[in-house]
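A closer look at the structure
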Amino acid sequence: MAKFNTFFLVLLTFPYMLSTAKSSPDFTDFIKAECRATRFPALCVQCLSTYSSTIQQSQKRLAEAALSVSLSRAQSVAIFVSKLARMRGLRPTEYRAIKDCIDNMANTVDQLNQSVQELSRAGQDFDWHVGNVESWVGAALTFEHTCLDGFGNPMMDGNVKVAVTRRVTDCEQVTSNALVLVHRFAARHKVGASSEETANLP
Ligand SMILES: *[C@@H]1O[C@H](CO)[C@@H](O)[C@H](O)[C@H]1NC(C)=O
């Protein structure tokens, strides 16, 4: 009897389940569409689709998530290079490049951390706060790139160079994507603001 009831319950609710599944928006489509504007769209979707239920269709939350992911990647790269510095058998050139990279990654983490906080303040004085975010994320990119430059010497080929380069490049790509998403959010916001102004004209 209990089985019988369950069967009918499923039969009755199944069409309803189908229709709600169809009408609930798939937020990953929004993320995919926005990520198409970045330089590394596949990486962008891979990093951000886990947050689709939080982001929904908000460009601000998308930019916030992108910055947070970028910050956490930068933090793990910073930890990785700090550990490398304690490895035995490093050549002096490798050691120097690692030391510089530690400084550059610490600066990257700092710039991205400030950017995450600054973007959350972007309500009033929007242009000022978002302008700060754009220049700090730009600075983070420069620091990451400077770390890579330190390993650019072809004399330095080897496991250390490969390991650092792979991780920092990944981090740089995630940061570059975040910057594009911040730009897009800022641009859309300005268009929205100026059309409001136009609408308010007598
Ligand atoms: C980010 O900044 C806040 C406030 O300055 C600080 O408390 C926090 O430790 C920082 N986080 C990282 C990852 O640097």
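Notes on the structure in this doc start here. Nothing here was measured: the structure is a model prediction, and the numbers come from that model. Every chain is numbered independently, its residues counted from 1 as its sequence is written. The predicted origin of the model limits local features to residues at a pLDDT of at least 70 and limits the giving and counting of side-chain atom pairs to 80 or more, whereas totals for whole chains, interfaces and linings rest on all residues. By convention in this description, side-chain values take in all heavy atoms of the structure and omit both hydrogens and water.

All right, on to the site of the ligand then. Any residue with at least one heavy atom within 4 Å of a molecule or strand is counted as near it. Near the ligand, the surroundings consist of Gln75, Val109, Asn113 and Gln117. N or O atoms within 3.5 Å of each other form a polar contact, as long as, within protein, one can give a hydrogen and the other can take it, and as long as residues adjacent in sequence are counted only when both atoms are side-chain atoms. Asparagine 113 places a polar side-chain atom, nitrogen or oxygen, 2.3 Å from an oxygen atom of the ligand. A distance of 3.1 Å separates an oxygen atom of the ligand from a polar side-chain atom of glutamine 117. Across the complex, the protein chains shield 36% of the 360 Å² of accessible surface that the ligand would expose by itself. Secondary structure elements follow DSSP: runs of H or I of four or more residues count as helices, runs of E of two or more count as strands, with numbering from the N terminus. Tallying contributions element by element places helix 6 (residues 92–120) first for the shell around the ligand, with 3 residues. Side-chain classes follow a simple rule in which Ala, Val, Leu, Ile, Met, Phe, Trp, Tyr, Cys and Pro form the nonpolar group, Asp, Glu, Lys and Arg form the charged group, and the remainder, Gly included, forms the polar group. Class assignment for the residues of the shell around the ligand results in 1 nonpolar, 3 polar and no charged. Here the accessible surface of atoms and residues is derived via Shrake-Rupley with a 1.4 Å probe, and residues count as covered only by protein chains that are part of the display.

Here we come to the environment of alanine 186. Along the chain, alanine 186 falls in helix 8 (residues 159–200). Classification of alanine 186 as buried rests on a relative accessible area of 2%. Between the C-alpha atoms of alanine 186 and alanine 122, which are 64 residues apart in sequence, the distance is 9.9 Å. Not counting the four nearest positions on each side in its chain, alanine 186 is found in contact with Phe126, Val130 and Glu134. The buried label goes to any residue with under 20% of its type's maximum accessible area, the exposed label to any with over 50%, and the partly exposed label to all in between, with areas taken from a 1.4 Å probe on protein chains only. Note on contacts: a residue pair qualifies if any of its non-hydrogen atoms lie within 4.5 Å across the two residues.

Our focus in this paragraph is the side chain of glutamate 144. Note on placement: glutamate 144 falls in helix 7 (residues 126–150). Of the side chains bearing the opposite charge, arginine 39 lies closest to the buried glutamate 144, which forms no salt bridge; the N-O distance is 10 Å. For glutamate 144, the side chain forms a polar contact with the side chain of threonine 175, separated by 2.9 Å. Setting aside residues no more than four positions away along its own chain, glutamate 144 makes contact with Met105, Thr108, Val168, Cys171, Glu172 and Thr175. Working convention for charge: Lys and Arg count positive, Asp and Glu count negative, and His plus the chain ends are omitted. Salt bridges, as used here, are contacts in which a Lys or Arg side-chain nitrogen is within 4 Å of a carboxyl oxygen on Asp or Glu.

This part takes up empty space enclosed by the protein. The pocket and cavity definitions rest on a 1 Å grid over protein atoms only: a 1.4 Å probe that fits but cannot leave marks a cavity, an open set with protein on both sides within 12 Å along at least five of seven lines marks a pocket, and residues lining either have an atom within 4 Å of a point. Grid points are joined across faces, edges and corners, and a volume is the space filled by probe spheres set on the points. One pass over the structure, following the stated rule, counts 1 cavity of 30 Å³ or more. In this structure, the largest cavity spans a volume of roughly 60 Å³. Counting residues per element, the ones that place at least two in the lining of the largest cavity are helix 3 (41–48) and helix 8. Ranked by the residues each element gives to the lining of the largest cavity, the list is headed by helix 8, at 4 residues. The residue makeup of the lining of the largest cavity, split by class, is 7 nonpolar, 1 polar and no charged.

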